[in-house]
Amino acid sequence: MGGAQVKRAYKYRFYPTDAQRSELLRTFGCVRKVYNLALEARTRAWFTGQRRVNYNETSAMLTAWKKSDGLAFLGEVSSVPLQQTLRHLQGAFTSFFDKRAKYPRFKSRKKSRASAEYTKSAFKWRNGTLTLAKMPEPLNIVWSRPLPEDAEPSTVTVSRDAADRWFVSILVETSVEQHVPAGTAVGVDAGINSLATLSTGEKIANPQHEKRDRKRLAKAQRELARKQKGSNNRDKARRKVARVHARITDRRRDHLHKVTTRLVRENQTVVIEDLNVRGMLSNGKLARAISDASWSEFRTMLEYKAAWYGRDVIAVDQWFPSSKTCSSCGRLAKSMPLNIREWTCGGCHARHDRDVNAARNILAAGLAVSACGAGVRPNRGNSATQPAGKQETQPVRVGIPHL
């Protein structure tokens, strides 16, 4: 099969020297400062004169800021990450005016992600070593997996997480070999006890990583609460809490990668529900379990891997009553509370497992959508349209999305 050219980021951990650490921390601070200054200027221009400030104007502002007495320190770091953060701000405003995102928010020193983006003019890539601008030595990167042969990095993003781990993400353009076409399709019903139930009857277990480490996390958080604010011991306790969170996130993401890779490899078409996860998180009783299952990340992985390898992902309407429709005769049950896990159809008397039945109905609906050439519009931004919990309260036509 022919390979498709895609842009792909490879993330590695690295260990900076004291000098590199100091330089990167200064760069992170300057990036955050420039972003906030530009956001303040654009906000003031809009609310005082209804005038939109573009990237070129903020770039000219940056030049003036560097020449001022109070902001001269901005000229001591590489200018490329500062220009890149202005481009990211421009993208944020574009998304806002297109009604695809909320208004950009100011970056906090404690809560915002510490990162800096370097383009080709600000780093050297030579013989497998990476050297950033303003640094005499290359980064000590742990090459956990090799970069594609003859890969030429176009962008490098350096970041530090709350657990004080340093990462470098290298963006390259590479060829991805598409999978051999398969004649199989599968419906997937996302769940809590089981991460995913397939239309084949298989149930993929949910490891519930957060639940498994809940005691360890609670203990670390109690220790943090006892420490005096501003002390070194409190900072150590904060990093300990962050390491527990990082462990949970890493293990969860690893499991999702394995599951989604397998589904994309084995099936030509994967059918899922267009769930409004944000709205479902408003349920206080289920929010923690839903977050631990990470349905949004599961869908994101499925979609980009399917695009890479020549597969199809179809999302059926979130209001389609998959759980209370008999997959054998199509009869619609009047109600189906969440505590009912098995039920018998009143028409054909078929006995159903709730989740397997839902997965089979999702598959049938998705194939109907595909045959009719219809699509589904994702509904991720509206948190008020769906109640918490996967309860289909409105019968609708199979696979027809809200328009």
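Residue indices begin from 1 for each chain and proceed along its sequence in written order. Reporting in this predicted model follows two pLDDT cut-offs: at least 70 for local features of residues, and 80 or more for side-chain atom pairs to be given and counted; totals over whole chains, interfaces and linings ignore these cut-offs and use all residues. With hydrogens and water stripped out, all remaining heavy atoms of the structure feed into the side-chain values.

- Labelled according to an unreviewed UniProt entry, the protein appears under the name RNA-guided endonuclease InsQ/TnpB family protein, originating from Saccharopolyspora cebuensis.

### Some thoughts on the side chain of Lys-305
Thought 1: Along the chain, the position of Lys-305 falls in helix H9 (residues 295–309).
Thought 2: Identification of polar contacts relies on pairs of N or O atoms within 3.5 Å, with a donor-acceptor requirement for protein atoms, meaning one able to donate a hydrogen and the other able to accept it, and with residues adjacent in sequence counted only if both atoms are side-chain atoms. In terms of polar contacts, Lys-305 uses its side chain to reach the side chain of Thr-261, at 2.9 Å.
Thought 3: Among all residues touching Lys-305, those that are not within four sequence positions of it are His-257, Thr-260, Thr-261 and Val-264. Note on conventions: DSSP H or I runs of at least 4 residues are helices, E runs of at least 2 residues are strands, and numbering of each starts at the N terminus. In what follows, a contact means two residues having at least one pair of non-hydrogen atoms within 4.5 Å.

### Regarding a positive patch on the surface
Thought 1: Taken together, the side chains of Lys-219, Arg-222, Arg-226 and Lys-227 define a basic patch exposed on the protein surface.
Thought 2: Considering the arrangement of structural elements, one finds Lys-227 in the loop between helix H5 (214–226) and helix H6 (232–266). Note that patches include only residues with greater than 30% relative accessible area and no salt bridge, and the join distances are 9 Å for like charges and 5 Å for nonpolar side chains (Val, Leu, Ile, Met, Phe, Trp, Tyr). All accessible areas in this document rest on Shrake-Rupley with a 1.4 Å probe, and a residue is counted as covered only by the protein chains that are shown. For salt bridges, the criterion is a side-chain nitrogen of Lys or Arg within 4 Å of an Asp or Glu carboxyl oxygen. Positive charges come from Lys and Arg alone, negative charges from Asp and Glu alone, with His and the N- and C-terminal ends not counted. Charge positions come from single atoms, namely NZ of Lys, CZ of Arg, CG of Asp or CD of Glu.

### Focus: the packing of helix H2 (residues 55–67) against helix H3 (residues 79–97)
When two helices pack together, you describe them by how their axes are tilted relative to each other and by the distance separating the axes.
Thought 1: In this analysis an axis means a line fitted to C-alpha atoms, helices contributing only their contacting stretch, and an angle means the value between N-to-C directions, from 0 to 180 degrees. The geometry of H2 relative to H3 is characterised by a closest axis approach of 10 Å and an angle of 145° between their N-to-C directions. Our pair here, H2 against H3, has a crossing hand that is right-handed. Contact residues: H2 offers Tyr-55, Thr-58, Ser-59, Leu-62 and Lys-66, while H3 offers Ser-79, Leu-82, Gln-83, Leu-86, Arg-87 and Gln-90. By convention the crossing between two helices is left-handed if the near helix lies anticlockwise of the far one by an angle smaller than a right angle, and right-handed if it lies clockwise.

### A short note on the UniProt feature "domain: Transposase putative helix-turn-helix" (unreviewed entry) in the protein
Thought 1: UniProt records the feature "domain: Transposase putative helix-turn-helix" (unreviewed entry) at residues 6–47, using the numbering of this structure.
Thought 2: Along residues 6–47 one finds 71% helix and 21% strand; the C-alpha atoms at either end are 40 Å apart. UniProt positions are given in the numbering used here, feature names are shortened, and annotations may be inferred rather than shown by experiment.

### Re the UniProt feature "domain: Probable transposase IS891/IS1136/IS1341" (unreviewed entry) in the protein
Thought 1: With numbering matched to this structure, UniProt assigns "domain: Probable transposase IS891/IS1136/IS1341" (unreviewed entry) to residues 170–282.
Thought 2: Secondary structure within residues 170–282 divides into 50% helix and 24% strand; the distance between the first and last C-alpha atoms comes to 36 Å.

### Side note on the packing of aromatic side chains
Thought 1: In summary, the pairing rule links any two rings of Phe, Tyr or Trp, Trp by its six-membered ring, whose centres are within 6.5 Å, and it sorts them by plane angle into stacked for under 30 degrees, edge-to-face for over 60 and tilted for everything else. Taken as a whole and assessed by the stated rule, the structure comprises eleven aromatic pairs.
Thought 2: Taking the centre distance of 5.8 Å and the plane angle of 65° together, the rings of Trp-46 and Phe-97 count as edge-to-face. One end of the pair, Trp-46, is in helix H1 (residues 18–49); the other, Phe-97, is in helix H3, and 51 residues separate them in sequence.
Thought 3: With relative accessibility at 29%, the residue Phe-97 sits in the partly exposed group.
Thought 4: On the numbers, 5.9 Å between centres and 70° between planes, the contact of Trp-125 with Trp-143 is edge-to-face. Of this pair, Trp-125 sits in strand S3 (residues 123–126) while Trp-143 sits in the loop between strand S5 (141–142) and strand S6 (155–160), and the two are 18 residues apart along the sequence.
Thought 5: Exposure remark for Trp-125: the relative accessible area of 23% places this residue in the partly exposed category.
Thought 6: Among the aromatic side chains, those forming a connected cluster through ring pairs are Trp-46, Phe-93, Phe-96, Phe-97 and Tyr-103. Only protein chains enter the calculation, and the probe is 1.4 Å; a residue is then buried if its accessible area is under 20% of its type maximum, exposed if over 50%, and partly exposed in between.

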